[in-house]
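As a plain string of letters, each chain reads:
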Amino acid sequence: MTSRTRTDAPTTPLSGTIMCQAMWARDGRKLAEFYATALGTKVTQAFPNEEGDEVAFAFRVNGTMYLFYTSPSFTAPEWPEQELPFHMDLVFDDVRAAEEQLLEMGATKPVHQPGGKHWTVLLDPSGQPFCIHGAR
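How each quantity is defined
Residues numbered from 1 in each chain as written. Predicted model: local features only at pLDDT ≥ 70, side-chain atom pairs only at ≥ 80, totals over all residues. Heavy atoms only, no water. Pairing = 2+ DSSP bridges. Helix = DSSP H or I, 4+ residues; strand = E, 2+ residues; numbered from the N terminus. Axes fitted to C-alpha atoms, helices over the stretch in contact; angles between N-to-C directions. UniProt positions renumbered as here; feature names shortened; annotations may be inferred.

The protein chain is annotated in an unreviewed UniProt entry as VOC family protein from Streptomyces aureoversilis.

Below, the structure written as structure tokens:
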């Protein structure tokens, strides 16, 4: 095994962009519809597995695809006990009204709220934490 040294580093800085954010859940369609509604859009694509069953669902916002996979073995993290490998932060003009609507759509609000007045943690319908913020 060889390791790269600083002299092996590329001379041109990288400038990639995010093409897709992917998340897993027991019900990918339900989670895709939740986030699509929260972001003011609709699910626009479904992708089949080898048997032809739709297992992944997507929509785009500002050129970025959000993809939600169905995984029968998915289990939500035990937050805050377990660290999160990934979560989303959403911004709303009226964060209080958004929180109310998100809760009506199936989100839940955990007791543990580490953001104080800066953000609110909610759990999406799959049990994964996400944060909401007011517009800055």
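What follows picks up the thread again.
Student: Help me understand the sheet that holds strand 2 (residues 45–48) in this model?
Tutor: The strands that make up a sheet are held in pairs by hydrogen bonds between backbone atoms, and each pair lies either parallel or antiparallel. Within the open sheet, the four strands sit side by side as 1-4-3-2. Their pairing is mixed. Unpaired on one side and paired on the other, strand 1 (20–25) and strand 2 mark the two borders of the sheet. Geometrically, the sheet is characterised by an average inter-axis angle of 25 degrees between neighbouring strands, direction not taken into account.

Student: Please explain the UniProt feature "domain: VOC" (unreviewed entry) in the protein chain as it appears in this structure.
Tutor: Those places that UniProt annotates as "domain: VOC" (unreviewed entry) correspond, in this numbering, to residues 17–135. When the span residues 17–135 is considered, its composition is 18% helix and 33% strand, and the gap between its end C-alpha atoms is 24 Å.

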